[in-house]
Protein chains: 2
Amino acid sequence: MSDALFDAIKFDANGLVPAIAQQHDTGEVLMMAWMNRAAIEETLATGRVCYWSRSRGGLWRKGESSGQVQGLKELIVDCDGDTLLLKVDQLGVACHTGRRSCFYRAVRDGDLVEIMPVEVDPKALYGGCGHKH
Amino acid sequence: MSDALFDAIKFDANGLVPAIAQQHDTGEVLMMAWMNRAAIEETLATGRVCYWSRSRGGLWRKGESSGQVQGLKELIVDCDGDTLLLKVDQLGVACHTGRRSCFYRAVRDGDLVEIMPVEVDPKALYGGCGHKH
């Protein structure tokens, strides 16, 4: 990848940058996760989205255990280079809870309510091994 | 606001949580910024989006100097409570560069290219006072 991209990105003190995943055709915002330089390089090289897992401290190839992979359609950088927007094609569900998107709890009438159904049993996604968010 | 929301949100070590702003009807991802508890409370109370400016160290009432305000349509929390999604109605342009969205530079054919026009002269937005991102 050209240096222009990495010159434009401002990684934080931990070498990470937040990345928003948006379904390329429907516009759904699916999730937000973090990437380091290696995750970005792998994502661009393979066309499959790879994040950095802060909890596990390693590369997180989205869908590796669940099968719910994200194909990369476009990688976009914001004005000050501190956030990425990934236009993706999400296979199945993005959320480890089995919902299409991680953004499924909304404030309505002063309460926090679920606005999205579970589409896939999380046990079916991870075979009882727990999730690797 | 009910405690349920603030119980659900995991603020970082600086008391902040990232918030993605998405145009409610078109699905455009406009920007990503940060909120603290006070910014969220003000946003819910007024219906106008207020962030926390990390650079200025104060509340950032979006559009206060530029006029490009964001009306709040819905506030959504993700599965692990560490990111917010704001469905907004953006008046004019979200980006201090005068573009509709801050996400205007995409990787194409190995290069970083601008994919969105400037709609408003930044000088007209800020009267030559610079931007307050």
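Residues numbered from 1 in each chain as written. Chains lettered and ligands numbered in written order. Predicted model: local features only at pLDDT ≥ 70, side-chain atom pairs only at ≥ 80, totals over all residues. Heavy atoms only, no water.

### What about the UniProt feature "binding site: Zn(2+)" (unreviewed entry) in chain A?
As a reminder, the rule being used: UniProt positions are given in the numbering used here, feature names are shortened, and annotations may be inferred rather than shown by experiment. Helix and strand labels come from DSSP, where a helix needs a run of H or I of at least four residues and a strand needs a run of E of at least two; each type is numbered from the N terminus. Every residue pair with non-hydrogen atoms within 4.5 Å of one another is taken to be in contact.
The positions that UniProt labels "binding site: Zn(2+)" (unreviewed entry) are, in the present scheme, A:Cys79, A:Cys95 and A:Cys102. In three dimensions, the annotated residues from a span of 24 residues occupy distinct locations, with a maximal C-alpha spread of 27.8 Å. Position of A:Cys95 among the secondary structure elements: in the loop between strand E6 (84-90) and strand E7 (103-108). Among all residues touching A:Cys95, those that are not within four sequence positions of it are A:Arg100, A:Ser101, A:Cys102, A:Tyr104, A:Leu125 and B:Cys79.

### Remarks on the UniProt feature "binding site: Mg(2+)" (unreviewed entry) in chain A
Residue and element names in this part refer to chain A. Threshold: Both cavities and pockets are sets of points on a 1 Å grid over the protein atoms alone; in a cavity a 1.4 Å probe fits but cannot get out, in a pocket the set is open with protein on both sides within 12 Å along at least five of seven lines, and lining residues sit with an atom within 4 Å of a point. Throughout, exposure labels follow a simple rule: accessible area from a 1.4 Å probe, protein chains only, divided by the maximum for the residue type, with under 20% read as buried, over 50% as exposed, and the rest as partly exposed.
The positions UniProt marks with the feature "binding site: Mg(2+)" (unreviewed entry) are Asp78, Asp80 and Asp82. Among the residues just listed, Asp82 line the largest pocket. In this fold, Asp78 is placed in strand E5 (residues 70-78). Overall, the relative accessible area of 2% leaves Asp78 in the buried class.

### Some thoughts on the packing of aromatic side chains
The line we're drawing: For Phe, Tyr and Trp, where Trp contributes only its six-membered ring, two rings pair if their centres lie within 6.5 Å, and the inter-plane angle classes them as stacked under 30 degrees, edge-to-face over 60, or tilted in between. In this scheme, Lys NZ or Arg CZ marks a charge over a ring once it lies within 6 Å of the ring centre and within 35 degrees of the ring normal.
One pass over the structure, following the stated rule, counts 2 aromatic pairs over all chains. Between A:Tyr51 and A:Trp60 the ring centres are 5.3 Å apart and the planes differ by 45 degrees, which places this aromatic pair in the tilted class. Assigned by exposure class, A:Tyr51 and A:Trp60 land together as buried. Sitting over the ring of B:Tyr104, B:Arg99 keeps its end group 3.8 Å from the ring centre.

### A short note on the pattern of salt bridges
Definition in use: The rule for a salt bridge is simple: a side-chain nitrogen of Lys or Arg has to be within 4 Å of a carboxyl oxygen of Asp or Glu.
Within the structure shown, the criterion is met by 12 salt bridges over all chains. For B:Arg108, the salt bridge is made with A:Glu74, and the minimal N-O distance between the two is 2.6 Å. Residue B:Arg108 is located in strand E7 (residues 103-108), and its partner A:Glu74 is located in strand E5; the two belong to separate chains. In this structure A:Glu74 comes out as buried when scored by relative accessible area, which is 16%.

### Side note on the interface of chain A and chain B
Where interface size is given, it is often the accessible area lost as the parts come together that is meant. For the record, the criterion: Accessible area that two parts lose when put together, evaluated with a 1.4 Å probe and summed over both, is termed the buried area. Two N or O atoms count as a polar contact when they lie within 3.5 Å, although within protein this holds only if one can serve as hydrogen donor and the other as acceptor, and sequence-adjacent residues are included solely when both atoms are side-chain atoms. Lys, Arg, Asp and Glu make up the charged group, whereas Ala, Val, Leu, Ile, Met, Phe, Trp, Tyr, Cys and Pro make up the nonpolar group; the residues left over, Gly among them, are polar. One requirement defines pairing of two strands: DSSP has to find at least two bridges between them.
In this complex, chain A contributes 41 residues to the contact, which on the side of chain B involves 41 residues. Both faces combined, the contact of chain A with chain B buries some 3200 Å², and carbon together with sulfur accounts for 64% of it. Of all residues in chain A, the largest losses of buried area upon contact with chain B belong to A:Cys79, A:Phe103 and A:Arg105, amounting jointly to 21% of the total for that side. The interface formed by chain A and chain B contains 4 salt bridges. Two residues, A:Asp82 and B:Arg54, come together in a salt bridge whose shortest N-O distance is 3.4 Å. Taken together, chain A and chain B are joined by 16 residue pairs in polar contact (both at pLDDT 80 or more). Every element with two or more residues in the side of chain A that touches chain B is listed here: helix H1 (3-8), strand E1 (17-23), strand E2 (29-35), E5, E6, E7 and strand E8 (111-114) of chain A. Ranked by residue count, the leading element in the side of chain A that touches chain B is E7(A), at 6 residues. Along the lines of polarity and charge, the residues of the side of chain A that touches chain B split into 24 nonpolar, 9 polar and 8 charged. Pairing analysis gives 3 bridges linking E7(A) to strand E5 (residues 70-78) of chain B, with the strands arranged antiparallel.

### Re the layout of surface pockets
Short version of the rule: Grid points are joined across faces, edges and corners, and a volume is the space filled by probe spheres set on the points.
Of the pockets and cavities examined, the largest pocket occupies roughly 620 Å³. Of all the secondary structure elements, the ones that give two or more residues to the lining of the largest pocket are E1, E2 and strand E3 (50-53) of chain A together with strand E1 (17-23) and strand E2 (29-35) of chain B. If you tally residues by element for the lining of the largest pocket, the top one is E2(A), at 3 residues. Residue composition of the lining of the largest pocket, by class: 14 nonpolar, 7 polar and 9 charged.

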